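# Examination of the molecular architecture
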Amino acid sequence: MKTYSVKEAYVTLQGEGAQTGRTAVFLRFAGCNLWSGLERDRDSAVCKFCDTDFVGTDGENGGKFKGAEALADHVVSVWREKTGETGAKGYVVCTGGEPLLQLDEAAIDALHNRGFEVGVETNGTLPAPSSLDWVCVSPKANSEIVQLKGSELKLVYPQSEEEAQPERYAALQFEHFFLQPKDDNRQAENIAAAADYCMKHPKWRLSLQTHKLIGLP
């Protein structure tokens, strides 16, 4: 029986993209295929600007769950504790790290059976299961994208590498296209650059990390 390693699970408002403002369980799986999560490896990583701790299982409501049913029951428990609801019409965002290293059809089915819509936030280097309700791809420079369609494409901007420019992704099969300003010591400049690009290329919309603006995780 498969064991799922979860860094943390908590209820918050989705702060980014087309689902902004929606209450969801964020189910953060441990591990990533573009960075070890250790600072000593950042300079040699494919993704160098990640701001998320996805190492281990020691976060809020984290742990190891033996089998899809146990994982889904844990999500229900987290949802119920915060909202008082049993899971009917609930929403869970599977994130990481890279959630598709672990998320599979068995886990998605178990969550569906408990009344949850299931979304994923992925770097796009692994194929997404077809039963997902929402697929958000956030491409990283120097990585090969295999998930070429989905609900939204959310590009952290700017990325210095030529291959991570918005033009590379504009013809892919996504319903929504977002630029999200990189959260670093040049944030104001990044916001201005992303806003300017969106105004010149109306296919793209600006995504701000609103959860950070209002003090939510």
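The structure presented is a predicted model; accordingly, all values stated were derived computationally and were not measured. (Residues numbered from 1 in each chain as written. Predicted model: local features only at pLDDT ≥ 70, side-chain atom pairs only at ≥ 80, totals over all residues. Heavy atoms only, no water.)

Spatial ordering of the open sheet is given by E3-E1-E2-E4-E5-E6-E7-E8-E9, a layout of 9 strands whose pairing is mixed. Since the sheet does not close on itself, it has two edges, and those belong to strand E3 (63-66) and strand E9 (205-206), each with one partner. Strand direction decides the pairing type here: strand E7 (residues 149-157) and strand E8 (residues 173-181), joined by 8 bridges, are parallel. Its bridge partner lying in E8, Leu-153 is registered against Phe-177. Seen against the sheet, helix H1 (residues 68-83) touches strand E1 (3-13), strand E2 (23-29), E3, strand E4 (90-95) and strand E5 (116-122) and runs at an angle of roughly 20° to E1. (Pairing = 2+ DSSP bridges. Helix = DSSP H or I, 4+ residues; strand = E, 2+ residues; numbered from the N terminus. Contact = heavy atoms within 4.5 Å. Axes fitted to C-alpha atoms, helices over the stretch in contact; angles between N-to-C directions.)

Under the UniProt annotation, the feature "binding site: substrate" (unreviewed entry) is placed at Leu-13, Gln-14, Gly-15, Arg-28, Thr-95 and Pro-217. The residues contacting Gln-14, other than those within four sequence positions of it, are Gln-19, Thr-20, Gly-21, Arg-22, Phe-26, Val-93, Glu-121 and Thr-210. Among the polar contacts made by the side chain of Gln-14, one reaches the main-chain amide nitrogen of Glu-16 at a distance of 3.1 Å. If we skip the residues at most four places from it in the chain, Arg-28 touches Val-6, Lys-7, Glu-8, Tyr-10, Thr-52, Asp-53, Phe-54, Thr-95 and Gly-96. (UniProt positions renumbered as here; feature names shortened; annotations may be inferred. Polar contact = N/O pair within 3.5 Å; in protein donor to acceptor, adjacent residues only side chain to side chain.)

Below, the discussion takes up the pairing of E7. Here E7 lies mainly inside the structure; 8 of its 9 residues are buried. The pairing of strand E6 (residues 134-137) with E7 spans 2 bridges and is parallel. Its bridge partner being in E7, Val-137 is matched across the sheet by Leu-153. (Buried < 20%, exposed > 50% of the residue type's maximum accessible area, 1.4 Å probe, protein only.)

Attention now goes to the pattern of salt bridges. Under the definition given, this model contains 14 salt bridges. In this structure, Lys-154 and Glu-16 form a salt bridge, with 2.5 Å as the shortest nitrogen-oxygen distance. With a gap of 138 residues between them, Lys-154 in strand E7 and Glu-16 in the loop between E1 and E2 connect regions that are remote in the sequence. Of the residues examined, Lys-154 reaches a relative accessible area of 5% and is grouped as buried. Overall, Glu-16 belongs to the buried group, its relative accessible area being 10%. (Salt bridge = Lys/Arg side-chain N within 4 Å of Asp/Glu carboxyl O.)

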